[in-house]
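What follows is each chain in one-letter form.
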Amino acid sequence: MRRFIYKLLSTLFTLLLVSLIIFLIFNILPGNPAQAILGPDADIQQIRVLEEQLGLNEPLHTRYFNWIGGIFQGDLGTSYRYREPVAHIIADRLPVTLSLTIYSLLITIVIAIPIGIFISRYEGTAVSTIANTISQLGISIPSFWLAFVLILFFSVNLGWLPTFGYKSLSDGVFDHLRSMVLPSISIAISNIAVIIRYLSNSVADQMNRDYVTTALVKGADDNRIMYRHVLKNASLPVITIFGLMVADTLGGSIIIENVFALPGIGSLLNSSVQTRDFPLIQSLVLFISVIIILANFVVDILYQVIDPRIKTGGR
């Protein structure tokens, strides 16, 4: 319990520090948001009036505490570009990015885990060598390049899937899934390759441990050893990698959403940077940071669930 409280306090402190860094970075960048909104023909008086309306004339520390205070009240500010509450804008775009993240991670789990286990049984053989070569290729391929290849093959040549655009679940489950297949696969391929590499190596390492040899000598079933003992121990490094993949998936969505014209958080962040919409940029970056930090927090908790020895420092 003490370890959990410590991790929780550490997570909250990290979130506060991240919010401060994000605010400072986007408020010391060159350029005037009021000037960007009014255009190059605006005079100084118009710019000053708009700065006062937006609170840009207040001291930096005052603006930071106003922003943080608003966050705790559910108020993320008002977008300079859309003139709407930032929270509403993010809520409208969030389902797209969440769908993309969930689907890509599900594809990763469903494909990578069985293949990783299968390859681990053939460690040191031609099967393992070929699989490692393919996985290395998957890790090396940029997701945006793979996206264009998938579009060319499945959309342009075969006409099976849409080239771009997003369909929500309200438009029909089939149309929704068709619109998400190529973007999800584009992100998942590199993740699949990484999980296969780490899982197969980890399982192969566990299979050489003494407890496995002892279980085999006692006549234990291979599948029982694999699924009751080996996978449990081999999953720890994989869980770490999977937690990092949440960050990688969110980062990849910024590019993939633009390639497939998906109206999600990634494309919104890209357009907000171009228009210097600081309230929206700050909130989007903070949102992504919160997801990444919480994912790492969950990984730490899962570590303790899977291996209780971690709670006691390995005793």
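Residues numbered from 1 in each chain as written. Predicted model: local features only at pLDDT ≥ 70, side-chain atom pairs only at ≥ 80, totals over all residues. Heavy atoms only, no water.

Q: So, the overall build of the chain: which residues are in play, and what are the values?
A: Along the chain, the regular secondary structure elements total 12 helices and zero strands. Here the C-alpha coordinates of the chain stretch approximately 85 × 60 × 35 Å along the principal axes. Taking all 315 residues of the chain together, the buried fraction comes to 39%. (Helix = DSSP H or I, 4+ residues; strand = E, 2+ residues; numbered from the N terminus. Buried < 20%, exposed > 50% of the residue type's maximum accessible area, 1.4 Å probe, protein only.)

Q: For the packing of helix H6 (residues 126–140) against helix H8 (residues 173–207), give the residues involved together with the corresponding values.
A: At a closest axis distance of 7 Å, the pairing of H6 and H8 adopts a crossing angle of 140°. Relative to H8, the element H6 is oriented oblique. H8 is crossed by H6, and the crossing has left-handed handedness. Where H6 abuts H8, its residues Asn 132, Ser 135, Gln 136, Gly 138 and Ile 139 lie against Ile 189, Ser 190, Ala 193, Val 194 and Arg 197. Residue composition of the contact of H6 with H8, by class: four nonpolar, five polar and one charged. (Axes fitted to C-alpha atoms, helices over the stretch in contact; angles between N-to-C directions. Parallel < 35°, antiparallel > 145°, perpendicular 65-115°, else oblique. Left-handed = near helix turned anticlockwise from the far one by under 90°. Contact = heavy atoms within 4.5 Å. Nonpolar A, V, L, I, M, F, W, Y, C, P; charged D, E, K, R; others polar.)

Q: Quick rundown of the layout of surface pockets? Include the residues and the values.
A: Taken as a whole, the largest pocket encloses approximately 450 Å³ of empty space. Leu 54, Arg 63, Trp 67, Tyr 80 and Pro 279 are, among the 20 residues lining the largest pocket, the residues nearest its centre. Listed by contribution, the elements that provide at least two residues to the lining of the largest pocket are helix H1 (2–28), helix H4 (60–72) and helix H12 (278–306). Here the lining of the largest pocket is composed, by residue class, of eight nonpolar, eight polar and four charged. (1 Å grid on protein atoms, 1.4 Å probe; cavity = no way out; pocket = protein on both sides within 12 Å on 5 of 7 lines; lining within 4 Å. Points joined across faces, edges and corners; volume = space filled by probe spheres on them.)

Q: Can you explain the packing of aromatic side chains? Please cite residues and give values.
A: Enumeration over the complete set of coordinates arrives at six aromatic pairs. Here Tyr 64 and Phe 65 contribute two aromatic rings whose centre-to-centre distance is 5.5 Å and whose plane-to-plane angle is 65°, an arrangement assigned as edge-to-face. Here Tyr 64 falls in the buried class, since its relative accessible area comes to 9%. (Phe/Tyr/Trp six-rings, centres within 6.5 Å; stacked < 30°, edge-to-face > 60°.)

Q: Before we move on, can you summarise H4 with the specific residues and values?
A: Compared with an ideal rise of 1.5 Å per residue, which puts 13 residues at 18 Å, H4 spans 19 Å between its outermost C-alpha atoms and is within 8% of the ideal. Regarding H4, the residues found buried are Arg 63, Tyr 64, Trp 67, Ile 68 and Gly 70. When H4 is viewed along its axis, its buried side chains cluster within an angular range of 160° and face the same direction. Looking at H4, the residues exposed on the side facing more than 90 degrees away from the buried face are Phe 65 and Phe 72. (Expected span 1.5 Å × (residues − 1). Arc of directions from axis to C-beta.)

Q: Any details on the nonpolar core? Residues and values, ideally.
A: Formed by 32 residues in total, the largest nonpolar core has its most connected members in Trp 67, Ile 90, Leu 280 and Leu 284. Looking at this core, the elements with two or more residues in it are H1, helix H3 (44–54), H4, helix H5 (86–120), helix H10 (222–259), helix H11 (265–274) and H12. Considering every element that reaches this core, the biggest residue donor is H12, with eight residues. Ile 196, Ala 215, Val 230 and Ile 241 belong to the second-largest nonpolar core, a separate cluster that totals 21 residues. (Core = buried A, V, L, I, M, F, W, Y, C linked by side-chain atoms within 4.5 Å.)

Q: Talk me through a nonpolar patch on the surface; I want residue IDs and the actual numbers.
A: A surface patch of nonpolar side chains, amounting to about 690 Å² of accessible area, comprises Phe 13, Leu 17, Leu 20, Ile 21, Leu 24, Ile 25, Ile 28 and Leu 60. Among the elements that take part in the nonpolar patch, H1 stands out by supplying seven residues, more than any other. Here Phe 13 is to be found in helix H1. (Patch = residues over 30% accessible without salt bridge, like charges linked within 9 Å, V, L, I, M, F, W, Y side chains within 5 Å. Areas by Shrake-Rupley, 256 points an atom, 1.4 Å probe, with all protein chains shown as cover. Salt bridge = Lys/Arg side-chain N within 4 Å of Asp/Glu carboxyl O.)

Q: Describe the environment of Ile 109, and please don't skip the residues or the numbers.
A: Mapping Ile 109 onto the fold places it in helix H5. Note on Ile 109: relative accessible area 35%, which makes it partly exposed. Residue contacts for Ile 109: discarding those within four places in its chain leaves Pro 114 and Phe 242.

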